[in-house]
Amino acid sequence: MKDCIFCKIINKEIPNHTIYEDNHSLAFLDIFPHAKGHAVVIPKIHAETIFDLNEELFKELSVAIKKTMNRIEEVLHPDGYNVGWNHEKAGGQVVPHVHVHIMPRWEGDGGGSQHSVIKNPGSMTVDEVAKLFS
Ligand code: 5GP
Ligand code: ZN
């Protein structure tokens, strides 16, 4: 998409530090890293969220995530990772082109877990929420 910053990166209109690439996906270092080696993995077609990717493209993206982690593992040897994406504005998404953050983690680095993203479960019990799915 014309005005999309990540499409511009794919089209090489904006420079980036690529750490993994295949036919469907590109992984590059985040410009404002939250950890050493913080990378984002994106599909090479413009899609705003994973709901706009078909299963095949999502599988390709998943493979690219794993291969990017393999590469980070080889080069940086972190002690762990947090991997995930911010989905839409409420989830913290700023760039409207699907991207999966890979944040390498080191013992004692002061970071939190996925559980530190939010602690606001609302007033419904787990049983009440479960009933909505039945
Ligand atoms: P979001 O909040 O949408 O999940 O994260 C977008 C990420 O993209 C941010 O971590 C931000 O630092 C990164 N980012 C935004 N623009 C650029 C850019 O031009 N180059 C690179 N390498 N990263 C970018
Ligand atoms: Zn795009």
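Worth saying up front: this structure is predicted, and the values here are computed from it rather than measured. (Residues numbered from 1 in each chain as written. Chains lettered and ligands numbered in written order. Predicted model: local features only at pLDDT ≥ 70, side-chain atom pairs only at ≥ 80, totals over all residues. Heavy atoms only, no water.)

Glancing now at the pattern of salt bridges. Per the counting criterion, the structure on display carries 4 salt bridges. We note a salt bridge from arginine 71 to glutamate 74, for which the minimum N-O separation is 2.6 Å. Placement of the pair is arginine 71 and glutamate 74 together in helix H2 (residues 55-76), with a separation of 3 residues, close to one helical turn. Among the salt bridges present, the one from aspartate 109 reaches arginine 105, with a minimum N-O distance of 2.8 Å. Judged by its relative accessible area of 37%, aspartate 109 falls in the partly exposed class. Residue classification places arginine 105 among the buried residues on the basis of a relative accessible area of 17%. (Salt bridge = Lys/Arg side-chain N within 4 Å of Asp/Glu carboxyl O. Helix = DSSP H or I, 4+ residues; strand = E, 2+ residues; numbered from the N terminus. Buried < 20%, exposed > 50% of the residue type's maximum accessible area, 1.4 Å probe, protein only.)

Turning our attention to the environment of histidine 87. In this fold, histidine 87 is placed in the loop between strand S4 (80-84) and strand S5 (100-105). A residue is classified by how much of its surface remains accessible, and histidine 87, at 22% relative accessible area, is partly exposed. Considered as a pair, histidine 87 and isoleucine 50 are 37 residues apart in the sequence and their alpha carbons are 8.3 Å apart. In this view, histidine 87 contacts Thr49, Ile50, Phe51 and Gln93; residues no more than four positions away in its chain are not counted. Within the local environment of histidine 87, its side chain forms a polar contact with the side chain of tryptophan 85, the two groups lying 3.5 Å apart. (Contact = heavy atoms within 4.5 Å. Polar contact = N/O pair within 3.5 Å; in protein donor to acceptor, adjacent residues only side chain to side chain.)

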